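Letter by letter, the chains look like this.
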Amino acid sequence: MSATNPSVDLQGGPGRGVWRGRVFYAALLLSLTVGFVTLGALIVQVVKKGIGLVDPVLLTNPPSADPAIAGARPAILATLYIGVLLIAFTVPIGVGTAIYLEEYADKNRWYNRLLELNIQNLAAVPSIVYGILGLAFLVRGLGLGRVLLAGALILTLLVLPTVIIAAREAIRAVPGSIRDGAYALGATKWQVTWRQVLPAAIPGIATGSILAVSRAIGETAPLLLIGALTYISFNPTITGPFTALPVQIYNWTKLPNAEFKDLAAAAIIVLLAIILLLNGAAIWLRNRYQKKW
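By secondary structure assignment, the location of Val 18 is in helix α1 (residues 16-50). Here the alpha-carbon distance between Val 18 and Asp 55, two residues 37 residues apart in the chain, equals 55 Å.

So, on to the environment of Thr 207. Relative to the helices and strands, Thr 207 is located in helix α8 (residues 189-216). Once the C-alpha coordinates of Thr 207 and Val 129 are considered, the two residues, 78 residues apart in sequence, prove to be 26 Å apart. Aside from chain neighbours lying at most four places away, what touches Thr 207 is Ala 282 and Arg 286.

Let us look at the confidence of the model for the protein chain. Confidence in the prediction for the protein chain averages 87 pLDDT; 94% of positions are at 70 or higher. Across the protein chain, the element-wise mean pLDDT spans from 86 in helix α9 (residues 221-225) up to 93 in helix α2 (residues 56-60).

Within the secondary structure, Ser 209 is located in helix α8. Given the relative accessible area of 6%, Ser 209 is considered buried. Sequence-distant contacts of Ser 209, defined by excluding residues within four places in its chain, comprise Val 91 and Val 163.

Our next topic: the nonpolar core. Leu 58, Leu 86, Leu 155, Leu 223, Phe 242, Leu 245 and Trp 252 are the most contacted members of the largest nonpolar core, which totals 44 residues. Counting only elements with at least two residues in this core, the list comes to α3 (73-104), α5 (127-141), α6 (148-172), α8, α10 (245-254) and α11 (258-289). Looking at this core, the element that brings in the most residues is α11, giving 9 residues. Every residue in contact with Trp 252, bar those within four places of it in the chain, is listed here: Leu 58, Ala 70, Gly 71, Ala 72, Phe 260, Lys 261, Leu 263, Ala 264 and Ala 267.

Rules of the game
- Residues numbered from 1 in each chain as written.
- Predicted model: local features only at pLDDT ≥ 70, side-chain atom pairs only at ≥ 80, totals over all residues.
- Heavy atoms only, no water.
- Helix = DSSP H or I, 4+ residues; strand = E, 2+ residues; numbered from the N terminus.
- Contact = heavy atoms within 4.5 Å.
- pLDDT = per-residue confidence, 0-100.
- Buried < 20%, exposed > 50% of the residue type's maximum accessible area, 1.4 Å probe, protein only.
- Core = buried A, V, L, I, M, F, W, Y, C linked by side-chain atoms within 4.5 Å.

The structure is reproduced here in structure tokens:
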């Protein structure tokens, strides 16, 4: 190997490290291509089968044994309710925890280090585990029952670590000079956090929170575990039985009639539209309020 450049051999050609890098880069591109092509093919197939059924019947009618008049209104409403409850639960708790850990917590205290470690670990726990936890402690332990509120609380537990991590990163990205300038003018710790740090971190916090909610409303396993019904013909309430779009899609795909599979494709389009709308809102908030330091 060359003494000046270890990536080039004595004959002047690329060394072993360069070839390894090229092979890794090619494998990465191949993996991305396979993933995007597969996803694109699935989306094209779903849109081709279901776009013609995205009509007022699907959006306003309840499920039915007759595919000609079957709709997904209860599932759509429940999904929207869950999204609103998720924002109401995760944002205050997640942002409050992030503020405490970044601005107030003593890094040398063992319980703060343990809290940070648990948050990092919980972010990688599979969703089915949260479903089992919710079934044991919320549905049966606290006696909430198999209601929409229990489903929203379980999904809150699922995405809360993600919201906390995103909020911490947003708060951490605020330059220290902003804090120092406020302290120099006589502001208190809470005034600095509330009036300077938090407004500057809002774009990152909002983006992370909305993306976490987008992930949660597409979850099926936790809701099935707590008993989200596959057939609901009435509008859901927070303290009543419920279904959700992922559960309704799962139910329709199990039925033998091809018409119900087309309805499932149409419901997938509606779910994708909701998720894309939330993601678009996250991107708009980030671009609208993002500051460059």
